[in-house]
Amino acid sequence: TQLLEQSPQFLSIQEGENLTVYCNSSSVFSSLQWYRQEPGEGPVLLVTVVTGGEVKKLKRLTFQFGDARKDSSLHITAAQPGDTGLYLCAGDYNNNDMRFGAGTRLTVKP
Amino acid sequence: DTGVSQDPRHKITKRGQNVTFRCDPISEHNRLYWYRQTLGQGPEFLTYFQNEAQLEKSRLLSDRFSAERPKGSFSTLEIQRTEQGDSAMYLCASSSHLVGQFFGPGTRLTVL
């Protein structure tokens with residue numbers, strides 16, 4: 001059983017559409033990270049959120065950390081083909097015991 | 001510094017052989033992590049170093065696996081008597097406190 005559940009598992013959309021992916025857990029995390037991974041490469045850090053209720057924006061990407069620090073969401077506005085990839089969330093479960101979700105595989109079609 | 005590097009990028013070995021992977025972290029990061037990732041899954045935590053001290057090991061890390069970070073800089077992960085189930089991407093990451101982890105490109109191991 002994954003400590004972090006990500007949904008949806010797969011998402012295929014057209015260029016220009018908006019989307020939201022979710023990361024949920026029953027555990028409280030001291031911090032949570034979002035990563036994007038492309039085939040054959042390591043994950044690339046997008047953002048770290050630390051405070052409950054925190055919202056961070058990175059260009060067209062908006063990240064939110066739940067008030068209780070158990071869940072997070074990633075919203076992409078006007079998706080582009082370059083956004084295609086595996087989006088992973090990871091929680092700092094027990095002071096450096098990092099746990100990853102299984103990821104959401106996003107495909108943006110031109 | 002160009003980030004975290006891993007060597008080799010790919011390794012094909014026969015079952016029963018030993019393999020060793022190397023990770024060079026970002027120089028100012030004192031924390032180093034090893035993960036294993038299989039197809040369709042997120043990375044699974046294997047072990048964690050702070051400087052040269054190995055502070056945590058996952059239950060996934062059987063007796064055939066050993067990791068070292070002798071001088072608090074680079075790290076090695078050795079797998080002895082490899083099995084087909086060891087085939088995976090082995091990822092190394094480094095970090096400083098609460099800024100998230102920076103991953104290397106991984107070493108893809110195939111055990112025939």
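Residues numbered from 1 in each chain as written. Chains lettered and ligands numbered in written order. Predicted model: local features only at pLDDT ≥ 70, side-chain atom pairs only at ≥ 80, totals over all residues. Heavy atoms only, no water.

**Regarding the sheet that holds strand β3 (residues 19-24) of chain A**
Residue and element names in this part refer to chain A. Strand order across the open sheet formed by five strands is β1-β3-β8-β7-β6, with antiparallel pairing between neighbours. Among the strands making up the open sheet, the edge pair consists of β1 (5-7) and β6 (55-58). Within the sheet, the average angular offset between the axes of one strand and its neighbour, ignoring direction, is 15°. Inspection of the sheet shows β1 paired to β3 by three bridges, in the antiparallel sense. Bridge pairing in β3 places Q6 opposite C23. (Pairing = 2+ DSSP bridges. Helix = DSSP H or I, 4+ residues; strand = E, 2+ residues; numbered from the N terminus. Axes fitted to C-alpha atoms, helices over the stretch in contact; angles between N-to-C directions.)

**A word on the interface of chain B and chain A**
Size of an interface: often given as the accessible area lost when the parts come together. Every contact between the two is made by 23 residues of chain B and, on the other side, 21 residues of chain A. Summing both sides of the interface, chain B and chain A together bury roughly 1,600 Å²; the carbon and sulfur share of this comes to 50%. Between chain B and chain A we count one salt bridge in total. A salt bridge links B:R9 to A:E41; the shortest N-O distance between them is 3.6 Å. At the junction of chain B and chain A, the tally comes to three residue pairs in polar contact (both at pLDDT 80 or more). At four residues, strand β4 (residues 31-37) of chain B tops the list of elements feeding residues into the side of chain B that touches chain A. The class makeup of the residues in the side of chain B that touches chain A is twelve nonpolar, eight polar and three charged. (Contact = heavy atoms within 4.5 Å. Buried area = accessible area lost by both parts, 1.4 Å probe. Salt bridge = Lys/Arg side-chain N within 4 Å of Asp/Glu carboxyl O. Polar contact = N/O pair within 3.5 Å; in protein donor to acceptor, adjacent residues only side chain to side chain. Nonpolar A, V, L, I, M, F, W, Y, C, P; charged D, E, K, R; others polar.)

**Here we look at the side chain of A:Q37**
Turning to its location among the elements, A:Q37 is positioned in strand β4 (residues 32-37). Taking relative accessible area as the criterion, A:Q37 reaches 7% and is therefore assigned buried. A distance of 2.8 Å separates a polar atom in the side chain of A:Q37 from a polar atom in the side chain of B:Q37. (Buried < 20%, exposed > 50% of the residue type's maximum accessible area, 1.4 Å probe, protein only.)

**Focus on the state of the cysteines**
Note on terminology: disulfide describes a covalent bond linking the sulfur atoms of two cysteines. Residues and elements named next belong to chain A. Under the definition given, this model contains two disulfides over all chains. In this model C23 forms its disulfide with C89; the gap between the sulfur atoms is 2.0 Å. Looking along the S-S bond of the C23-C89 disulfide, the torsion reads about 75°, which is the right-handed sense. Residue C23 is located in strand β3, and its partner C89 is located in strand β9 (residues 85-92); the two are separated by 66 residues in the primary sequence. Per residue, the accessibility class of C23 equals that of C89, and both read buried. (Disulfide = S-S within 2.5 Å.)

**Examining the layout of surface pockets**
Computed from the structure, the second largest pocket encloses a volume of approximately 290 Å³. For the second largest pocket, the lining is made up of 18 residues, of which A:G40, B:Q37, B:T38, B:L39 and B:R108 are closest to its centre. When residues of the lining of the second largest pocket are traced back to their parent elements, those giving at least two are β9 (88-95) and β11 (107-111) of chain B. Across the lining of the second largest pocket, the residue classes tally to six nonpolar, eight polar and four charged. (1 Å grid on protein atoms, 1.4 Å probe; cavity = no way out; pocket = protein on both sides within 12 Å on 5 of 7 lines; lining within 4 Å. Points joined across faces, edges and corners; volume = space filled by probe spheres on them.)

**Quick word on the nonpolar core**
A:L19, A:L32, A:W34, A:L74, A:I76 and A:L106 are the most contacted members of the largest nonpolar core, which has 20 residues in total. Within the residue set of this core, elements represented by two or more residues are β3, β4, β5 (44-49), β7 (61-65), β8 (71-76), β9 and β11 (104-109) of chain A. Of all hydrophobic cores here, the second largest spans 19 residues; its members include B:F21, B:I79, B:A88 and B:C92. (Core = buried A, V, L, I, M, F, W, Y, C linked by side-chain atoms within 4.5 Å.)

**Thoughts on the packing of aromatic side chains**
Counted by the stated rule, this structure contains ten aromatic pairs over all chains. Ring plane angle 85° and centroid distance 5.3 Å describe the contact between A:F100 and B:Y35, whose orientation is recorded as edge-to-face. On the criterion of chain membership, the pair formed by A:F100 in strand β10 (residues 98-100) and B:Y35 in strand β4 is interchain, its members lying in two chains. Looking at A:F100, the relative accessible area reads 5%, which means it is buried. Between A:F100 and B:F103, the ring centres sit 5.8 Å apart and the planes meet at 75°, which makes this aromatic pair edge-to-face. Of this pair, A:F100 sits in strand β10 while B:F103 sits in strand β10 (residues 102-103), which puts the two residues in different chains. B:F103 shares its class with A:F100; the two are buried. Through pairs of rings, three or more aromatic residues link up here, namely A:Y35, A:F100, B:Y33, B:Y35, B:F45, B:Y48 and B:F103. (Phe/Tyr/Trp six-rings, centres within 6.5 Å; stacked < 30°, edge-to-face > 60°.)

Don't take any of this as a statement about function, it's just geometry.
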